[in-house]
Amino acid sequence: GLKKKEVHVLCLGLDNSGKTTIINKLKPSNAQTQDIVPTIGFSIEKFKTSSLSFTVFDMSGQGKYRDLWEHYYKEGQAIIFVIDSSDKLRMVVAKEELDTLLNHPDIKHRRLPILFFANKMDLRDAVSSVKVSQLLSLENIKDKPWHICASDALKGEGLQEGVDWLQDQIT
Ligand code: GTP
Ligand code: MG
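Residues numbered from 1 in each chain as written. Chains lettered and ligands numbered in written order. Predicted model: local features only at pLDDT ≥ 70, side-chain atom pairs only at ≥ 80, totals over all residues. Heavy atoms only, no water.

Engineer: Could you give me a rundown of the site of ligand 1, with the residues and numbers involved?
Structural biologist: Near ligand 1, the surroundings consist of 20 residues, among which Lys19, Thr21, Gly61, Asp122 and Ala153 are the closest. Between an oxygen atom of ligand 1 and a main-chain N or O atom of Ser17, the distance comes to 3.3 Å. Between a nitrogen atom of ligand 1 and a side-chain N or O atom of Asn119, the distance comes to 3.1 Å. Out of a free accessible area of 660 Å², ligand 1 has 84% covered by protein chains. With respect to the detected pockets, ligand 1 is housed in the largest pocket. (Near = heavy atom within 4 Å. Polar contact = N/O pair within 3.5 Å; in protein donor to acceptor, adjacent residues only side chain to side chain. Areas by Shrake-Rupley, 256 points an atom, 1.4 Å probe, with all protein chains shown as cover. 1 Å grid on protein atoms, 1.4 Å probe; cavity = no way out; pocket = protein on both sides within 12 Å on 5 of 7 lines; lining within 4 Å. Sits in = over half its atoms within 2 Å of the grid points.)

Engineer: How would you summarise the coordination of the magnesium ion (ligand 2) if you had to cite specific residues and measurements?
Structural biologist: Taken together, the protein ligands of the magnesium ion (ligand 2) are Thr20 (OG1) and Thr39 (OG1), with distances of 2.0 to 2.1 Å. With Thr20 in helix H1 (residues 19–25) and Thr39 in the loop between H1 and strand E2 (42–48), the pair connects residues that are 19 residues apart, well separated along the chain. Its relative accessible area of 23% is what places Thr20 among the partly exposed residues. The class for Thr39 is buried, based on a relative accessible area of 13%. (Donors = N, O, S within 2.8 Å, 3.2 Å for Na, K, Ca; no water. Helix = DSSP H or I, 4+ residues; strand = E, 2+ residues; numbered from the N terminus. Buried < 20%, exposed > 50% of the residue type's maximum accessible area, 1.4 Å probe, protein only.)

Engineer: I'd like a rundown of the packing of aromatic side chains, residues and numbers included.
Structural biologist: What describes a pair of aromatic rings is the distance from one ring centre to the other and the angle between the planes of the rings. With the rule as written, the count across this model stands at six aromatic pairs. Their ring planes at 20° and their centres at 4.8 Å tell us that Phe47 and Phe54 sit as a pair that is stacked. Of the two residues, Phe47 and Phe54, both sit in the buried class. Three or more aromatic residues joined by ring pairs make a cluster, and in this case those are Phe42, Phe57 and Tyr72. (Phe/Tyr/Trp six-rings, centres within 6.5 Å; stacked < 30°, edge-to-face > 60°.)

Engineer: Any details on the pairing of E2? Residues and values, ideally.
Structural biologist: Sheet analysis places E2 next to strand E3 (residues 52–59), joined by seven bridges and oriented antiparallel. Counted as the bridge partner of Phe42 is Met59 from E3. Linking two consecutive strands that pair antiparallel, namely E2 and E3, is a turn of three residues. (Pairing = 2+ DSSP bridges.)

So this is what it looks like as structure tokens:
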């Protein structure tokens, strides 16, 4: 049959933002796991869309593992960056990590599409995706296509819109 184009995606963001939950929800239901635990190091996951076959490097967001991220930057053809929209205290840490990422030599001059998920929209304390994009100064990203989606990874809401955008950027 027709072989789908393969794309390597880096899934980044602070610990507890919901990266693994999002990637799990993008798999077919029979491949989803029920118990999601904090990622140790990273995990390689796969899911397909109508025209693409994604290989995801689901990185741990814990401080002690964040130094691992940069070793995979060269491999990545797109980035999914996840934010816990309810974690106002650590929004500044998320911004620091994003800025470090954007200034990295393996990322800086490449036109990599970046999909942001303003996740945990179901929580009472969550700020809007517009607010998240302001807090992270996303309007300053001029040399890469980017898009932000509000999401609730527990219900799977907002994920398809994001992945459709990503697919359009790549195909
Ligand atoms: P690390 O692997 O440690 O970097 O974390 P992670 O970003 O992969 O987060 P993970 O997917 O493990 O989710 C962390 C916790 O947040 C889990 O208890 C999830 O059930 C919960 N969670 C994920 N997405 C949502 C969401 O949209 N809403 C709510 N309420 N909880 C969520
Ligand atoms: Mg994880």
